[in-house]
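Results of the structural survey
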Amino acid sequence: MPVPQRGGPPPAAHGDPVQLQTQADIAVALTAALSTRMKPPATPRRDLRPSTAAWMLLTGMGVTLLLLAVFSDPGYRWAALAAGAVQIVCGYAWIVRLTHMRDPQRGLLCGSRR
């Protein structure tokens, strides 16, 4: 009988069954190994940015004023129109700003087009 080497696995005896692995077993083991080593997914932000919150409040106010103008006093239509105009101007300025942050020359062109 051969002498076992230090640090290595002991030799298999003739009576031990051979452990065969199918491709499915290998895939399961590989998936388990990879999933334990991967970092967990990043958690999304739970808070709103102030600009997003202001935009949502302005939209809600505009919709409320529009519904009041349609179903009750027509005097609210000017307030709804003003809220819509503020959103249009803010949206235009935001797009120009984002374009200017990427490329200042294109931002100026974007802001000057009619």
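Residues numbered from 1 in each chain as written. Predicted model: local features only at pLDDT ≥ 70, side-chain atom pairs only at ≥ 80, totals over all residues. Heavy atoms only, no water.

1. Comments concerning the overall build of the protein
Within the protein one finds four helices and zero strands. When the helices and strands of the protein are read in sequence order from the N terminus, they spell out α-α-α-α. Here the protein, with 114 residues, has 8% of them falling under the buried criterion. If you take every contact in the protein between residues at least 6 apart in sequence, the share linking residues at least 24 apart comes to 22%. Here the protein has roughly 10,700 Å² of accessible surface; of this, 66% comes from carbon and sulfur atoms. (Helix = DSSP H or I, 4+ residues; strand = E, 2+ residues; numbered from the N terminus. Buried < 20%, exposed > 50% of the residue type's maximum accessible area, 1.4 Å probe, protein only. Contact = heavy atoms within 4.5 Å. Areas by Shrake-Rupley, 256 points an atom, 1.4 Å probe, with all protein chains shown as cover.)

2. So, a nonpolar patch on the surface
A surface patch of nonpolar side chains, about 530 Å² in accessible area, is lined by Val63, Leu66, Leu67, Val70 and Phe71. Summarising the element assignment, leucine 66 is placed in helix H2 (residues 50-71). (Patch = residues over 30% accessible without salt bridge, like charges linked within 9 Å, V, L, I, M, F, W, Y side chains within 5 Å. Salt bridge = Lys/Arg side-chain N within 4 Å of Asp/Glu carboxyl O.)

3. Let's talk about the packing of helix H3 (residues 77-102) against helix H4 (residues 104-112)
Helices that pack against each other are described as a pair by the angle of their axes relative to one another and the distance between those axes. As a packed pair, H3 and H4 sit with axes 5 Å apart at the nearest point and diverge in direction by 155°. When the interaxial angle is binned, H3 and H4 end up roughly antiparallel. In this structure, H3 crosses over H4, and the sense of that crossing is right-handed. Two secondary-structure elements touch here, H3 through Tyr92, Ile95, Val96, Thr99, His100 and Arg102 and H4 through Pro104, Arg106, Gly107, Leu108, Cys110, Gly111 and Ser112. (Axes fitted to C-alpha atoms, helices over the stretch in contact; angles between N-to-C directions. Parallel < 35°, antiparallel > 145°, perpendicular 65-115°, else oblique. Left-handed = near helix turned anticlockwise from the far one by under 90°.)

4. Structural notes on H2
With 22 residues, H2 extends 31 Å from end C-alpha to end C-alpha; this agrees with the ideal 32 Å at 1.5 Å per step. Those residues of H2 that sit buried are Leu58, Gly62, Leu65 and Ala69. All buried residues of H2 lie within an arc of 70° about the axis, which places them on one face of the element. Turned more than 90 degrees away from the buried face of H2 sit Met56, Leu57, Val70 and Phe71, all of them exposed. On its buried face, H2 sits against H3. (Expected span 1.5 Å × (residues − 1). Arc of directions from axis to C-beta.)

5. Here's the deal with the side chain of glutamine 87
Tracing the chain through its elements places glutamine 87 in helix H3. Setting aside its immediate chain neighbours within four residues, glutamine 87 contacts Trp55, Leu58 and Thr59.

6. A closer look at the confidence of the model for the protein
Here the protein shows a mean pLDDT of 77. Residues at 70 or above account for 75%. Here helix H1 (residues 23-37) stands out as the element of the protein with the lowest mean pLDDT, 79, in contrast to H3, whose mean of 86 is the highest. (pLDDT = per-residue confidence, 0-100.)

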